Amino acid sequence: MSLDEFFVTGDPLILASQIAIGLTMIGLIALITYLKRWKWLWNEWFTTVDHKKIGIMYIISGVLMFFRGGVDGLLMKAQTSRPELEFLDAQHYDEIFTTHGVIMILFMAMPLLIGLMNVVIPLQIGARDVAFPKLNALSFWLFFAGAMLFNVSFVIGGSPDAGWTSYFPLAGKEFTPGVGNNYYAIALQIAGIGTLATGINFVVTIIKMRAPGMTWMRLPIFVWSTFITSIIIVAAFPIFTVALAYMTLDRLFGTHFFTVANGGDPMLWLNLFWLWGHPEVYIVVLPAFGMFSEVIATFARKNLYGYKSMVYAVAGIAFLSMLVWVHHFYTMGNSAAVNSIFSLTTMMIAIPTGVKIFNWLFTLRKGRIEFSTAMLWSLAFIPCFTIGGVTGVMLAMAAADYQYHNTMFLVAHFHYVLIPGVVFAVFAGLYYWWPKMFGFKLNEKIGKWHFWLFVIGFNMTFMPMFFVGLDGMSRRMYTYSASTGWAGWLGFSAIGSIILAAGFAALCYNIYWSFRYASRDVGNDPWNGRTLEWATASPAPHYNFAKVPEVDRLDAYWYMKKEGNTGLKKSDLKPVHMPSNSWTPIFLAVVFGVVGFFLVFEWFTLAILASIGIVVGLVANSFDYDDGYHISVEELADEEREWRGDLQ
Amino acid sequence: MSTKTNHFPWNHLIGFVLSIALTLLAVFVAFNTDFSKTVIVWVIGILAIFQALIQLFMFMHVTEGKEGMINVVNMVYSIFLALVIVFGSIWVLTSGHAAMH
């Protein structure tokens, strides 16, 4: 392979990105060296097993990937803003909508949610960490290796270009012979191992590590939604693992699982993809529902209306999530029986979802609502998401779907589900839990700019897509003629996307401003919260709780405050056992990344040689006899005095 | 945990007897009947499932202890998912126009 095949060449946009990436990396390395921060980075972050730091790294990666996926989105909007534009060619457009989809779902939504889960869940259940802290670090680093491998594709070798769904036969070697779709198969496989491990970790954490007295019906609702999400992860991700493995075999070793010739069946890929893909939608949206519930209850100053029905609704959605996958391909030409059954199961999902919507509304009813930024996101979520939900029921009807299938109507629908459902939730969660992570609030005034720009921009961008979709515009069209009459809608939509981007910029500015200027004096409980994470200092100390709290009802911390029961006696303190840092997770992830890169280019000898590193990492990990360390009572007391004043 | 009781272990005895009976029945069906091969395989398969259930309940006590409920739900849900994935896929991919390729 010659060098100009290795690097993507011939496009000024990409050349500029290559130079920008090169300069940024040199700049970062120089800056860290100049500030003498390498050792600090290694000890405090790269080798950490602390769930809060891992969560923060997930969130940082998620925000970076949001930027990357957002730029992809803006480029698409620019290209379709006027008819017959030649800003991007068809190939480039294909690559961009593919990476936009993959990055936004798997490398933006997932890490932002898993990041918040990591930070919040152990604190909410009164635990000192997750069940398997080192595995948690491995999860993060594998996700990160997968994300980086996927991102490098657009400057080295070429991006995947068969859509985020990578349908066969297009995604097969026959029709896309380059390395682009190899990146898809292998990068997602590596990131997927990390996600699966996260799912297992949280299932065990929530079953085994709850504070004394925290029975199932006393779990905060975000813990419930995370628990059920983790179960769906464990149930659904192995299907994707298998599908990607078949795809890899097809593309790298010439097997015929999904090919048209030699007995393969491309529809088998669709079937497996959506058996994972539909539950994946609930994997991202259920934790988000949990976050909204926490935020709404806190800022309405009421306990969550219908807690039990909320739990059953989440469980019901999870159960149905595995029974609806065919609604993504009604048009494959199934029998009427298949399409009818899957129409029914799909529409049934509207029932538990409706229960949740009404629960939120009744929680708000007669509440003393405080319009904080976190609450604004939650309030805007309800109507926006309902539009997404109702258009979803329209799409659920198999006969009608023959009209909407793969049009911009569908694209508008899932953006109306995923942006209010996931992105608004992540924003609400970030504003809400930011003080618990960093010890200061994000600025509320800039937050409101962020909110209004983003919500207005979002509706301007995606509402017109419903109409062009009903007017016959299919998705993934890179250009159109003026005679279609879509130019007005799409131009409006493009302007909306600029406002949307301005909203994101306001968030970035808010983070910068708050880091520099926000008051560090927020106390442990800035929002008058209800759950245990607010019972400890902000930012949460590395041991989480000096004394593990005891729980006797729902909203435990709320009642502890009411009964004046939040103090700490020094005599209650015992030494705390903590896990030590470990270098194996990041080492393994780097090796996985390198092996993955060689596999993408089908350099098998190198891949085999590099995978020796995986064995080395695993063996080194098995012989790691480090049992952690203890924090003495004196150290605990000193740290607690810093924010509590004197102990009792 | 102290679970010492003076009761006769009826559960174990019944489980033991049933296990032996089911095994002998399988042997009998395989060697002493004139059923076709398919039928024999099905019968043995069904007997094996009963055998597994007896093991789980009589000897491994899945329903007991703090995690009993969780174990049962977990197993039932896994079996359900496996059935949905396998038979659902077969049904979807072999019905209607999809079958004609």
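Keep in mind the model is a prediction, meaning the values are calculated, not measured. (Residues numbered from 1 in each chain as written. Chains lettered and ligands numbered in written order. Predicted model: local features only at pLDDT ≥ 70, side-chain atom pairs only at ≥ 80, totals over all residues. Heavy atoms only, no water.)

Chemist: How should I be thinking about the overall build of chain B in this particular structure?
Modeler: In terms of helices and strands, chain B carries 3 helices and 0 strands. Within chain B, the proportion of its 101 residues that are buried is 21%. Considering only intrachain contacts with a sequence separation of at least 6, the fraction spanning at least 24 residues in chain B is 53%. (Helix = DSSP H or I, 4+ residues; strand = E, 2+ residues; numbered from the N terminus. Buried < 20%, exposed > 50% of the residue type's maximum accessible area, 1.4 Å probe, protein only. Contact = heavy atoms within 4.5 Å.)

Chemist: What's the story with the overall build of chain A in this structure? I'm lost.
Modeler: Tallying secondary structure elements over chain A gives 21 helices and 2 strands in all. The C-alpha atoms of chain A give a radius of gyration of 25 Å, which matches the 26 Å a tight globule of 648 residues would have. C-alpha atoms of chain A, sized along the principal axes, occupy 75 × 60 × 45 Å. Long-range pairs, those at least 24 residues apart, make up 82% of the contacts in chain A between residues at least 6 apart in sequence. A total of about 25700 Å² of accessible surface is found on chain A, and carbon and sulfur atoms cover 68% of it. Computing the positive centroid from 40 side-chain charges and the negative centroid from 41, chain A places the two 12 Å apart. (Rg over C-alpha atoms; globule rule 2.2 N^0.38 Å. Areas by Shrake-Rupley, 256 points an atom, 1.4 Å probe, with all protein chains shown as cover. Lys, Arg positive; Asp, Glu negative; His and termini not counted. Charge placed at Lys NZ, Arg CZ, Asp CG, Glu CD.)

Chemist: Quick question: what am I supposed to make of the environment of Leu35(A) here?
Modeler: Summarising the element assignment, Leu35(A) is placed in the loop between helix H2 (12–34) and helix H3 (38–46). Taking the C-alpha atoms as reference points, Leu35(A) and Leu188(A), 153 residues apart in sequence, are found 35 Å from one another.

Chemist: Would you take a moment to explain the interface of chain B and chain A for this structure?
Modeler: How big an interface is tends to be expressed through the accessible area that disappears when the partners come together. Tallying the contact residues gives 17 residues for chain B and 26 residues for chain A. When the buried surface of chain B facing chain A is broken down by residue, Trp91(B), Val92(B) and Leu93(B) rank first, second and third, together holding 31% of it. In this assembly, chain B and chain A are joined by 0 salt bridges. (Buried area = accessible area lost by both parts, 1.4 Å probe. Salt bridge = Lys/Arg side-chain N within 4 Å of Asp/Glu carboxyl O.)

Chemist: Would you mind showing me how to read the packing of aromatic side chains here?
Modeler: The geometry of an aromatic ring pair comes down to the distance between the two centres and the angle between the two planes. Residues and elements named next belong to chain A. The final tally for this structure, using the stated rule, is 75 aromatic pairs over all chains. Ring centres of Phe 424 and Phe 454 lie 6.3 Å apart, and the angle between their planes is 70°; on these two criteria the pair is classed as edge-to-face. Here the residue Phe 424 occupies a position in helix H15 (residues 408–438), and Phe 454 occupies one in helix H16 (residues 444–470), the gap between them amounting to 30 residues. Over the aromatic face of Trp 216 sits the side chain of Arg 210, whose NZ or CZ is 4.2 Å from the ring centroid. Note that Lys 441 overlies the ring of Trp 527, its terminal NZ or CZ placed 4.4 Å from the centroid. (Phe/Tyr/Trp six-rings, centres within 6.5 Å; stacked < 30°, edge-to-face > 60°. Lys NZ or Arg CZ within 6 Å of the ring centre and 35° of its normal.)

Chemist: Which parts of the structure should I look at to understand unusual backbone geometry?
Modeler: Peptide bonds are trans in most cases, and residues, glycine excluded, mostly fall at negative phi. All names here are of chain A. The linkage connecting Phe 168 with the following residue, Pro 169, adopts the cis geometry, with an omega of 5°. Locating Pro 169 in the fold gives a position in the loop between helix H6 (133–152) and helix H7 (180–208). The omega torsion across Ser 538 and Pro 539 is -10°, close enough to zero to call that bond cis. If you check the backbone angles, Ser 166 has positive phi at about 45° while not being a glycine.

Chemist: For this particular structure, what's the right way to read the nonpolar core?
Modeler: Burial of nonpolar side chains together is a common tendency in soluble globular proteins. Phe107(A), Tyr184(A), Trp269(A) and Phe424(A) are the most contacted members of the largest nonpolar core, which totals 210 residues. Not counting chain neighbours up to four residues away, the residues in contact with Phe424(A) comprise Phe292(A), Trp377(A), Ala380(A), Phe381(A), Cys384(A), Ile419(A), Phe454(A), Val455(A) and Phe458(A). (Core = buried A, V, L, I, M, F, W, Y, C linked by side-chain atoms within 4.5 Å.)

Chemist: Could you clarify how one ought to interpret the environment of Phe66(A) in this entry?
Modeler: Residues and elements named next belong to chain A. Within the element layout of this structure, Phe 66 appears in helix H4 (residues 51–79). Residue classification places Phe 66 among the buried residues on the basis of a relative accessible area of 10%. Counting along the chain gives 290 residues from Phe 66 to Lys 356, while the straight-line C-alpha distance between them is 28 Å. Excluding residues within four positions of it along the chain, Phe 66 makes contact with Met 104, Met 108, Val 423, Phe 427, Phe 454 and Phe 504.

Chemist: Hey, could you run me through the side chain of His328(A) in this one?
Modeler: Residue and element names in this part refer to chain A. Within the secondary structure layout, His 328 lies in the loop between helix H10 (307–321) and helix H11 (336–348). When its relative accessible area of 18% is taken as the criterion, His 328 is described as buried. Engagement of the side chain of His 328 in a polar contact is seen with the side chain of His 278, the distance being 2.9 Å. Those residues in contact with His 328, other than ones at most four positions away along the chain, are Tyr 167, Trp 274, His 278 and His 405. (Polar contact = N/O pair within 3.5 Å; in protein donor to acceptor, adjacent residues only side chain to side chain.)

Chemist: Hey, could you run me through the packing of H7(A) against helix H19 (residues 584–600) of chain A in this one?
Modeler: Packed helix pairs are characterised by how far apart their axes lie and by the angle those axes make with each other. Residues and elements named next belong to chain A. Close contact between H7 and H19 brings their axes to 9 Å; oriented N to C, the two are set at 160°. As summarised for this structure, H7 and H19 are arranged roughly antiparallel, according to the angle between their axes. In the crossing of H7 with H19, the sense of the turn from one axis to the other is right-handed. Residues Asn 182, Tyr 183, Ile 186, Ile 190 and Ile 193 of H7 form the contact with H19, whose own contacting residues are Phe 592, Gly 596, Phe 597, Leu 599 and Val 600. (Axes fitted to C-alpha atoms, helices over the stretch in contact; angles between N-to-C directions. Parallel < 35°, antiparallel > 145°, perpendicular 65-115°, else oblique. Left-handed = near helix turned anticlockwise from the far one by under 90°.)

Chemist: Explain H2(A) to me, please; I cannot follow it from the model alone.
Modeler: Because an α-helix completes one turn every 3.6 residues, residues spaced three or four positions apart along the sequence face the same direction. Residues and elements named next belong to chain A. Look at H2: 32 Å from first C-alpha to last across 23 residues, which is about the 33 Å you get at 1.5 Å a residue. For H2, every residue scored as buried is listed here: Ile 14, Ser 17, Gln 18 and Ile 32. Of the surrounding secondary structure, the elements contacted by the buried residues of H2 are H3 and helix H5 (90–124). In the segment just after H2, Lys 36 is the residue with positive phi, at about 55°. (Expected span 1.5 Å × (residues − 1).)

Chemist: Can you help me understand the packing of H4(A) against helix H17 (residues 487–517) of chain A in this one?
Modeler: Residue and element names in this part refer to chain A. Where H4 contacts H17, the two axes come as close as 10 Å, and the packing angle between them is 160°. Taken together, H4 and H17 sit at an angle that is classed as roughly antiparallel. As H4 runs across H17, the sense of the crossing is left-handed. Contacts between H4 and H17 involve Val 63, Phe 66, Phe 67, Leu 74 and Lys 77 from the first element and Leu 490, Ser 493, Ala 494, Ser 497, Ile 498, Ala 501 and Phe 504 from the second. For the contact of H4 with H17, the residue count by class is 9 nonpolar, 2 polar and 1 charged. (Nonpolar A, V, L, I, M, F, W, Y, C, P; charged D, E, K, R; others polar.)

Chemist: Would you mind showing me how to read H4(A) here?
Modeler: Residues and elements named next belong to chain A. The terminal C-alpha atoms of H4, which comprises 29 residues, lie 42 Å apart, in line with the 42 Å expected from a rise of 1.5 Å per residue. Across the 29 residues that make up H4, a large majority, 21, are buried. The backbone nitrogen of Lys 52 lies 2.8 Å from a side-chain oxygen of the residue at the head of H4, namely Asp 50.

Chemist: Before we go on, may I ask you to explain the pattern of salt bridges in this structure?
Modeler: Oppositely charged side chains can form a pair if their charged atoms are brought close together. Residue and element names in this part refer to chain A. Counted under the stated rule, the structure contains 14 salt bridges over all chains. Arg 553 is paired through a salt bridge with Asp 552; the nearest N and O atoms lie 3.3 Å apart. When the shortest N-O distance is used, the salt bridge between Glu 563 and Arg 553 registers 2.9 Å. Taken as a pair, Glu 563 in the loop between helix H18 (556–562) and strand S1 (576–578) and Arg 553 in the loop between H17 and H18 lie far apart in primary sequence, 10 residues in all. Under the relative-accessibility criterion, Glu 563 is labelled partly exposed at 48%. Overlapping salt bridges, with partners in common, bring together Asp 552, Arg 553 and Glu 563 in one network.

Chemist: Can you walk me through a nonpolar patch on the surface in this structure?
Modeler: All names here are of chain B. Taken together, Phe 8, Trp 10, Leu 13, Ile 14, Phe 16, Val 17, Leu 18, Ile 20 and Leu 24 make up a surface patch of nonpolar side chains, about 900 Å² in accessible area. Considering the arrangement of structural elements, one finds Ile 14 in helix H1 (residues 10–32). A residue is classified by how much of its surface remains accessible, and Ile 14, at 40% relative accessible area, is partly exposed. (Patch = residues over 30% accessible without salt bridge, like charges linked within 9 Å, V, L, I, M, F, W, Y side chains within 5 Å.)

Chemist: Explain the side chain of Thr259(A) here, please?
Modeler: All names here are of chain A. Its location among the elements puts Thr 259 in the loop between helix H8 (221–253) and helix H9 (266–299). For Thr 259, the side chain forms a polar contact with the side chain of His 256, separated by 2.9 Å. A polar atom in the side chain of Thr 259 sits 3.0 Å from the backbone oxygen of Ala 261. Discounting chain neighbours no more than four positions away, the residues touching Thr 259 are Asp 250, Gly 264, Asp 265 and Pro 266.

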